[in-house]
Amino acid sequence: MESAGEAREARVRLPQLRLDELLGELQARLDAARGTRDRVHSLLEAVLSVGRELDLEQALRRIVEAAAALVDAEYAALGVIGSDGKRLSAFITAGVDEEEIAQIGPFPEGHGILGELIRHPEPLRLAKLSEHASSYGFPAHHPPMNSFLGVPIRVRDQIFGNLYLTEKRGGQQFDEDDEAVLSTLAVAAGVAIDNARLYEESLLRERWLKAIAEITSSLMSGVGQQEVLGLIAERARQITGAALAAVAIPMKGTDTLTVELAMGQGAEMHQGLVLPVDGTLTGRAFALGAPVSSPDVAHDERISAGPPRFVGLGPAVAVPLGLGKQARGVVLLARGSGASDFSEKETEPLMAFAAQAAVTMELAERRRDAEQIALLEDRDRIARDLHDLAIQRLFATGMTLQSAGRFIQHAEASERVLRAVDDLDATIKIIRSTIFGLRTRDDDAPGLRARAVRTVGEAAPLLGFAPSMRMEGLLDTHVPRGTTDDVIAVLSESLTNVARHAHAGRAEVLLETDGRELRLTVTDDGVGIPLQGRRSGLDNMLERARKLGGDMEITVPQGGGSQLAWHVPVREVTAPRER
C-alpha cells in the first residue's frame, strides 16, 4: 500500500508536471509565433526586394531566389509561358550552376509536371514527383528531385508563368504554410513583373521615338535614300534584337521588290535580291500593307527560290513601310534560331515606326519633286527664250547676211558671207537640238533593272521554274543605253539556252556594276554545255561583249552545271588612233 508520504509527494509532483507542460506549450507557441514573425518579415523583405527591380530579367531572377529562401527549397525555377500559351519561352533557375545546366542540356519546354501547371494554373504540392500521373522523368545528369511545390504567377488576370520549388531542405515536405507564403510572393511577383514590363515598354517607345527623330532629321537635311534606308534597317535591327535586317522596295514597272539594303547575319546573300510580290513573305507584307510573321524563316515555304540565305535564323517579321496599299517598301527582320517570336507588343511599335518612316520619306520625296518641278520649269523657260529670242535673232541675222551677199561684188567676200550664213544655220540646228533635249522627259522609259526583271520573268515558263535574281549597283545610272540592249539580249539568250539544253532545276542571275564594269552571271545546276553542237548563240554573246570592249567566260561551278560570266566596261571605250 502507498504510504501517506508517498501520496503527498505524488500530489506535489502532479502540479509540477502540469506546469512544465504548460511552460513547454507556451514556449512552443512563442517559438512558432517568433518563427511566423520571422517568416512574415522575410516575406515582406522579399516583396520589397522584388518590387524595387525594374529590369525584367533581374526581377525574375530575384523572384526565384526569394522563393527558394522563403520555403527553404534547394532548387527553384520560374517558367515563363510563351505567346502560344502552351510552352515555356524562358526558364530561370536557382540552385543549379552553369556547369550543371550545360550537362543537363536545353531548358524544358513545358512537358510533364511543368505542363500540368500550364494546363491547370493552380497551386500544386507533391510529396514525390515521380508518383504523379503527369511525371515526365528527368534527363541525364539532372539532380534528383522528390518533393515539389508549384504556384502560378498572374499579371493582370493573365498567367505569366509558374514558380517551381523542389527538394525542401532537411528531407521535409512542403506544407500549407509554404504554399501560402509562395502564393503571396507570386502575387507580389505579378505586380513587380507588370511594373518591369511597363518600364521596358516606356523605354522601348522612347527608343523608337528617338529613331524616328533621327531619320526625319537625316531626310530633311538632304541625305540620300540609300543612307536613310540603312538608318531605318539598323535602328529596327538594334531595337528589336534582330540578327538580320533587310529593306526591299518596289521596282517601277514590275511586280517585284528588290532588296535595296541588307545588314547583319548573311546580309551579302540578300543584297540586290529580286523578290516576286506573289508567294513570298516580303511580297505578302507589301501586298497586304500589314505585318506578316514567320516562326521559322529558314524553313518557310514563302521564301523565294535561290541559295539558302536564312541558315541559322528563326523567327521573322516583314513590316510594310507605310499603311495599307500605299506601302513604299518592306522591312524584314529575323532573329537567330531559337530566339523568341516577334510578339504583338513588339510589332505594334515597329509598325508605327515604319509608318512614320514612310511619311518622312514621302515628305522628302515631295520636296525633291518640288525641286525637280522648279528645275523643269527653269529648263522650259530657257528653251522658250532660246526659241523665241536667240533663234529668231540668228535667223534674222542670217537673212540679212544672205540679202547683203547679193550686193557684194568681190567673189571671195561673197563666199565668206555665204559660209557665215551656213554657220548660222548650223548654230540654229544645234540650239534646236538643245531645246529638244531640254524638253524631253525620259523618266518613264524602262531602265536596265526593269527590263532585266521582265526578261527573267518571261523565261520562267520556258524553264519551268522562276530563276533567282540579284542586282547590285547603280545599273540604271552607270550603264549606257546602248549597252543596255546588249545586256538584255545576252540575258535572254543565256536563259533560253538553259531552258533548251541544260535540263536544270535551278538557275541564278546576278547583274552588278561598280561604276567601271558591268557583269552578268548566269548559273544553273544542269548538265553543262555539250562540247559538240551549235554554238552560234554563244558566239553572238561573245561578239557583243568584245564589241563593247569586254569578254565572256564559261566555267563549271562546284557541284556541276554551268556558269556564264559576261562582262563589259560601262565607260566609253576610245578606239586607238591610226599612226
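Residues numbered from 1 in each chain as written. Predicted model: local features only at pLDDT ≥ 70, side-chain atom pairs only at ≥ 80, totals over all residues. Heavy atoms only, no water.

1. Overview of the nonpolar core
Met471, Leu511, Leu518 and Trp566 are the most contacted members of the largest nonpolar core, which totals 37 residues. Elements supplying a minimum of two residues to this core: α10 (448-463), β12 (468-472), α12 (481-502), β13 (507-513), β14 (517-524), α13 (536-547) and β16 (562-569). Per element, the largest residue contribution to this core is 7 residues, and it comes from α12. Apart from the residues lying within four places of it in its own chain, the contact partners of Leu518 are Leu448, Leu475, Val479, Thr483, Val487, Leu511, Glu512, Thr513, Trp566, His567, Val568 and Val570. (Core = buried A, V, L, I, M, F, W, Y, C linked by side-chain atoms within 4.5 Å. Buried < 20%, exposed > 50% of the residue type's maximum accessible area, 1.4 Å probe, protein only. Helix = DSSP H or I, 4+ residues; strand = E, 2+ residues; numbered from the N terminus. Contact = heavy atoms within 4.5 Å.)

2. Brief notes about a negative patch on the surface
A contiguous patch of negative charge on the surface is contributed by Asp97, Glu98, Glu99 and Glu100. Looking at where Glu98 falls in the secondary structure, it is placed in helix α3 (residues 98-104). (Patch = residues over 30% accessible without salt bridge, like charges linked within 9 Å, V, L, I, M, F, W, Y side chains within 5 Å. Areas by Shrake-Rupley, 256 points an atom, 1.4 Å probe, with all protein chains shown as cover. Salt bridge = Lys/Arg side-chain N within 4 Å of Asp/Glu carboxyl O. Lys, Arg positive; Asp, Glu negative; His and termini not counted. Charge placed at Lys NZ, Arg CZ, Asp CG, Glu CD.)

3. What about the pattern of salt bridges?
On inspection of all chains with the given rule, the structure shows 14 salt bridges. With a shortest N-O distance of 2.1 Å, Arg506 and Glu508 are connected by a salt bridge. As a salt-bridge pair, Asp514 and Arg516 come within 3.3 Å of each other at their nearest N and O atoms. Connected through shared salt-bridge partners, Asp486, Arg544 and Lys547 make up one network.

4. Section: the environment of Pro446
Positionally, Pro446 belongs in the loop between α9 (411-439) and α10. On the accessibility criterion, Pro446 (39% relative accessible area) is partly exposed.

5. Remarks on the packing of α10 against α12
Packed helices, taken two at a time, are described by the angle between their axes plus the distance between the axes. Put simply, α10 and α12 touch, their axes get as near as 10 Å, and they point 15 degrees apart. Taken together, the axes of α10 and α12 are roughly parallel relative to one another. α10 and α12 meet at a crossing whose hand is right-handed. Of α12, the residues touching α10 (which contributes Leu448, Arg451, Ala452, Thr455, Val456, Ala459, Leu462 and Leu463) are Thr484, Asp485, Val487, Ile488, Leu491, Ser492, Leu495, Val498 and Ala499. (Axes fitted to C-alpha atoms, helices over the stretch in contact; angles between N-to-C directions. Parallel < 35°, antiparallel > 145°, perpendicular 65-115°, else oblique. Left-handed = near helix turned anticlockwise from the far one by under 90°.)

6. A word on the confidence of the model for the protein
Do not read the predicted coordinates in detail wherever pLDDT is low. Here the protein averages 77 in pLDDT, and 76% of its residues register 70 or above. At the low end of the mean pLDDT range in the protein sits helix α1 (residues 4-52), at 53; at the high end sits β16, at 92. Taken as a whole, residues 29-36 scores under 50 in pLDDT and shows 0 contacts with residues more than four places along the chain or in a different chain. (pLDDT = per-residue confidence, 0-100.)

7. Regarding the sheet that holds strand β4 (residues 148-155)
Spatial strand order, β2-β1-β5-β4-β3: 5 strands in an open sheet with antiparallel pairing. The outermost strands of the open sheet, each flanked by one partner alone, are β2 (88-94) and β3 (124-126). Shown here is a sheet whose adjacent strand axes are inclined to one another by a mean of 15 degrees, direction ignored. Looking at chain direction, β3 and β4 are connected through 3 bridges and run antiparallel. Paired with Leu124 across the strands is Gly150, a residue of β4. Of the strands in this sheet, β1 (73-81), β2 and β5 (158-168) are in contact with helix α2 (residues 56-70), which crosses β1 at around 145 degrees. Most of the contacts of helix α4 (residues 112-119) go to β5, to which it runs at about 140 degrees, and overall it touches β1, β2, β3, β4 and β5. (Pairing = 2+ DSSP bridges.)

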